Amino acid sequence: MKKKTLVSSFSENPLIEFQSVLKEAMDILNYSVEAYELLKEPIRFLTVKIPVLMDNGKTEIFTGYRAQHNDATGPTKGGIRFHPDVTPDEVKALSGWMSLKCGINSLPYGGAKGGIVCDPRKMSLRELELLSRGYVRAISQIVGPTKDIPAPDVYTNSQIMAWMLDEYDHIREFDSPNFITGKPLTLGGSYGRETATSKGVFYTLQLISELKDIPIKDMRVIIQGFGNVGSYLAKYLYDIGAKVVGISDVLGGIYDENGLDIPYLLDRRDSFGVVSNLFDSSISNQELIEKECDVLVPAAIGGQITTRNADRLKCKIVVEAANGPTTRDAAKLLKERDIMVVPDILANSGGVIVSYFEWCQNNQGYYWTEELVDERLKEKMTTSFSTILQTSKTYGVDMKVAAYMEGIRRLVEASNYRGWIKN
Ligand code: GLU
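All figures in this text were calculated on a predicted structure; none of them were measured in a lab.

(A) Region of interest: the pairing of strand E7 (residues 243-248). Among the six residues in E7, five count as buried, and that is most of the element. Alignment of strand E6 (residues 220-224) against E7, held across five bridges, turns out to be parallel. Residue pairing for E7: Val221 is matched across the bridge by Val244. Taking the sense of rotation as the criterion, the β-α-β connection linking E6, helix H7 (residues 228-240) and E7 turns out right-handed. As paired strands, E7 and strand E8 (residues 253-255) are joined by three bridges and run antiparallel to one another. Across the sheet, residue Gly246 finds its bridge partner in E8, namely Tyr255. In textbook terms, the turn of a hairpin is the stretch between consecutive antiparallel strands, and for E7 and E8 this stretch comprises four residues.

(B) Structural view of the nonpolar core. In terms of nonpolar packing, the biggest core is built from 83 residues, with Ile223, Val297, Val319 and Ile408 touching the most fellow members. With nine residues, helix H14 (residues 399-417) is the largest single contributor of residues to this core. Once residues lying within four places of it in the same chain are set aside, the contact partners of Val319 are Val201, Thr204, Leu205, Ile208, Val295, Leu296, Val297, Pro298, Val342 and Ala347. Core analysis: the second largest hydrophobic core is formed by 24 residues, Ile80, Leu131, Trp163 and Leu165 among them.

(C) Highlighting the side chain of Glu167. Topologically, Glu167 is positioned in helix H5 (residues 158-172). You can call Glu167 buried: its relative accessible area is 11%. At a separation of 3.1 Å, a polar atom in the side chain of Glu167 contacts the side chain of Arg137. Excluding residues that lie within four positions of it along the chain, Glu167 makes contacts with Arg133, Val136 and Arg137.

What counts and how
Residues numbered from 1 in each chain as written. Predicted model: local features only at pLDDT ≥ 70, side-chain atom pairs only at ≥ 80, totals over all residues. Heavy atoms only, no water. Buried < 20%, exposed > 50% of the residue type's maximum accessible area, 1.4 Å probe, protein only. Helix = DSSP H or I, 4+ residues; strand = E, 2+ residues; numbered from the N terminus. Pairing = 2+ DSSP bridges. Right-handed = clockwise from strand over helix to strand, strands pointing away. Core = buried A, V, L, I, M, F, W, Y, C linked by side-chain atoms within 4.5 Å. Contact = heavy atoms within 4.5 Å. Polar contact = N/O pair within 3.5 Å; in protein donor to acceptor, adjacent residues only side chain to side chain.

By themselves these figures say nothing about function.
Rendered as structure tokens:
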């Protein structure tokens, strides 16, 4: 019988995590209590019920959420996740992190996030289409190209974005490719959007290789998660000659200190990124995280590195490709052990950066080459990385707090100009 080591969701409350680092960053910047009160939770939060006629003839009522964190700097922006463990607090925290990602990269957006409590692995395509369309009908009043622009996230992809776009176009009775990003190319998607998050993480690893003087070809990397982000990242690293010594999926992980055969794994992965069932010698996700490597990249889901395992990690650097994989207390333990943590809101912001490029192209009606998208993505990631590194040195804080500080500046300034707060 195969070990079942399903990746669990956040072990701590992510909203409390978000609020505690936000407070720390805002205190350093001497921001007012009102500013913190405004930003500690979304300005808008909607809960919806979505009835779906299932293939077995019964109607199931799904619960969905949309959180809009702050729209002082522009319309809100953020993905929609389909996952059984989605909670209101998780969606709220994720919307706050989206605000910070947009702030760090000077994108003219505030953050948003959506989620539906469901298990897409157990649903047919027909059921998923009805659920996607039902969700758009339920939230249609608060979203739109200049209000709130959705995108893919955990277990959602370009097909789901296409159904959502089609539903929105029917409701509005005109074509609005700028309503949603992460679309298929033929519906106004952008070159490089599907690979954007992993490319951004890859550029981050290149920057770290220079900073820490570890040639990328000698880098030994473990990637937790083999979905959209983890699988493309593994490919880029393999192609450049780095050693991917471990990967995992929702069922378990595989580790080989000589490096894994990534093309073979990519060829065999199923649509949910599962490969570990091909091997008898698979280990659990938790065991994989604790294996030796230079860089550990949690690229699955939140709450994976906690006080329960932080003292057993054998990596030199953690690059957070998932949202919220390291708890704050765990990050403190890692800092004491001199393990650098490159925060999620910086490392995985490639996705929203290219979503912004996609939205610009939709607004212009003029489409860019893949080379141009990549070049501009790299430029933004490099600038943001060095700004945050500099802030962390100037203020003597870790990169997470520095990233929050950089992410929050524009939101506070814009809220100030609008007369919402006096800072
Ligand atoms: N879901 C991705 C994220 O968490 C992308 C969001 C977007 O493209 O709007 O950053």
